[in-house]
Amino acid sequence: MTKRSSTPADAVLVAIDMSKHRQEVLIERPEGGRRRRMTVMATKADYDRLADDLAAIGRPIVVGFEATGNYHRTLAHRLLAAGFELRLISSVALARTREALHNGWDKNDSKDAQVILHMLQIGATQRYVDPLAAGINDLQEMSKTHEAISKAKTQTWHRILTHYLPLYFPEIERFAGNSRSDWFLALLERFPTPASMTTLGQEAFTREAWSLVGRKVSKARLINDIYETACASVALPVDEESVAVAMFRMVIAQARSLIRQRDEIERTANAMLSENRDYQLLRMIPGIGPINALTILAEAGDLRRFNHHRQFLKFCGLDLATCQSGTFRGRTKLSKYGNARLRRTFWMATQVAIRQRDNSFRDKLGRYVAGHGNDPDRRRKAMTALTAKMARVAHAVIKTGTEYRPFVERTDTRWKDPSLWSREGAAATL
């Protein structure tokens, strides 16, 4: 991820070691001399003082820092608004450089500021993209909040399936279906135990359950099957008004609330991005739905800033790396040093694309695993290649402004056997 960046010869270099409450600042002028040290507290007055002091120098300012959670965001935005050039230092590169320079593993704030300054001097930095200045802050918040809510919903759903249902209504799990649908939870919230259904009688239960189940094929038969299942249930004989069932209903209500929040985020994202051309282009790619497209735009920003697709693959951590020394050569595999959320998004999009018909992803997978359907390692390598292809296609459609063409690649298209991957061969495949 770290690359050489040109630094103006007359620029003043500013290294900042970020933390939650205080920042250690080290300033060096190009002509040399004694470095200036400052301690800046996380307050508006100190941030303004630092910006004013740097502006008073009257020369180009290049500020370097390591991303530290979200604690760096406020100071970085303040310095960017003041017109200074900001560079991001890779955490991995910083740790390795610190160990190499000081021949030890000890770490402290002042030492980190020195190492950041050294990396600014040699140009081993990345360009910092401020989400607020780039106009993607709202997208990032929606994407991350959607992910957090989805994880919480999944945990709650599993808690219902593995704890509450085995106790109070084990047989109804076979009707659960898709966890995205709300009808099953609505039915459980109203009828949490078999006794709550059977005491009403079949006709009364059918009338109350009719509106809860929603639009279903063979709806009457489905409700009848649920009632018959309740009549033959082996659930614990707990009272519907007991505290235990009240706790069950509380968890069900939590799950339904999370589903509503998730759906609201998806509606907001679709309304906000429906006229966005990049969003429309991404949605045309097989496997990329509304949330995947939102995540790509939120995490990568403007994909046109990557001049070549290899730069974007490296940003995603989908570039290849090999450990080699002398006659030893390790396996070529993904570096995974990039954005994990982007990498996971493209992987999940690929999983969806290969299940669709008439697209190049499914066709290429078929050619990769032809004759080796029972080889899981070969399929894993093929999925890795297809994930990188998904990222390349996303970069290409946005950079060129061209809609995705769902053609099926010819069977005589050149390709590399994944089982014979080498450094050159893997690069050609990906």
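Quantities reported herein were computed from a predicted structural model and do not represent experimental measurements.

Brief notes about the UniProt feature "domain: Transposase IS110-like N-terminal" (unreviewed entry) in the protein chain
Summarizing the sequence annotation, UniProt attributes the feature "domain: Transposase IS110-like N-terminal" (unreviewed entry) to residues 14-170 in the numbering used throughout. Counting secondary structure, residues 14-170 comes out at 54% helix and 20% strand; the distance between its end C-alpha atoms is 63 Å.

Some points on the nonpolar core
With 50 residues, the main nonpolar core has Leu282, Ile285, Phe312 and Phe346 as its most contacted residues. Within the residue set of this core, elements represented by two or more residues are α6 (137-168), α11 (243-273), α12 (277-283), α13 (290-300), α14 (309-316), α15 (340-353), α16 (360-368) and α17 (376-400). Examining the composition of this core, we find that 11 residues originate from one element, α17, more than from any other. In terms of domain composition, this core takes at least three residues from each of domain 2 (138-267) and domain 3 (274-398). With near-sequence residues (within four places) excluded, phenylalanine 312 lies in contact with Ala300, Leu303, Phe306, Leu342, Phe346, Ala391 and His395.

Here's the deal with the packing of aromatic side chains
Tallied over the full model, the rule gives 11 aromatic pairs. Pairing tyrosine 164 with phenylalanine 248 gives two aromatic rings, centres 5.1 Å apart and planes at 5 degrees, and the pair type is stacked. Taken together, the residues tyrosine 164 in helix α6 and phenylalanine 248 in helix α11 connect sequence positions 84 residues apart. The residues tyrosine 164 and phenylalanine 248 share a single accessibility class, namely buried. Three or more aromatic residues link up through ring pairs in this structure, and these residues are Phe306, Phe312, Phe315 and Phe346. In this structure, arginine 305 is placed above the aromatic ring of phenylalanine 315, and the distance from its NZ or CZ to the ring centre is 5.2 Å. Taking the ring centre of phenylalanine 361 as reference, the NZ or CZ of lysine 389 above it sits at 5.3 Å.

Here's the deal with the environment of arginine 37
Its place among the elements puts arginine 37 in strand β4 (residues 36-41). For arginine 37, a relative accessible area of 52% gives the class exposed. A C-alpha to C-alpha distance of 9.7 Å links arginine 37 and alanine 15, two positions 22 residues apart in sequence. Ignoring sequence-local partners within four residues, the contact set of arginine 37 consists of Val25, Leu26, Ser110 and Gln114.

Let's talk about α15
An ideal rise of 1.5 Å per residue puts 20 Å on 14 residues; α15 measures up with 20 Å between its terminal C-alpha atoms. All of the buried residues along α15 are Arg341, Leu342, Arg343, Thr345, Phe346, Ala349, Thr350 and Ala353. Looking at the packing, one finds that the buried side of α15 touches α6, α13, α14, α16 and α17. Looking at where α15 begins, the residue whose side-chain oxygen comes 3.0 Å from the main-chain nitrogen of arginine 341 is asparagine 339.

Some points on helix α4 (residues 109-122)
With 14 residues, α4 should reach 20 Å at 1.5 Å per residue; the first-to-last C-alpha distance of 20 Å fits that figure. The set of residues buried in α4 consists of Lys111, Asp112, Ala113, Val115, Ile116, Leu117, Met119 and Leu120. Buried residues in α4 make contact with β2 (12-17), β3 (22-28), β5 (61-66), β6 (85-89), α3 (91-102) and β7 (124-127). Once α4 ends, the next one or two residues include glycine 123, with phi positive near 80 degrees.

Calculation rules
Residues numbered from 1 in each chain as written. Predicted model: local features only at pLDDT ≥ 70, side-chain atom pairs only at ≥ 80, totals over all residues. Heavy atoms only, no water. UniProt positions renumbered as here; feature names shortened; annotations may be inferred. Helix = DSSP H or I, 4+ residues; strand = E, 2+ residues; numbered from the N terminus. Core = buried A, V, L, I, M, F, W, Y, C linked by side-chain atoms within 4.5 Å. Buried < 20%, exposed > 50% of the residue type's maximum accessible area, 1.4 Å probe, protein only. Domains from an automatic or database assignment. Contact = heavy atoms within 4.5 Å. Phe/Tyr/Trp six-rings, centres within 6.5 Å; stacked < 30°, edge-to-face > 60°. Lys NZ or Arg CZ within 6 Å of the ring centre and 35° of its normal. Expected span 1.5 Å × (residues − 1). Polar contact = N/O pair within 3.5 Å; in protein donor to acceptor, adjacent residues only side chain to side chain.

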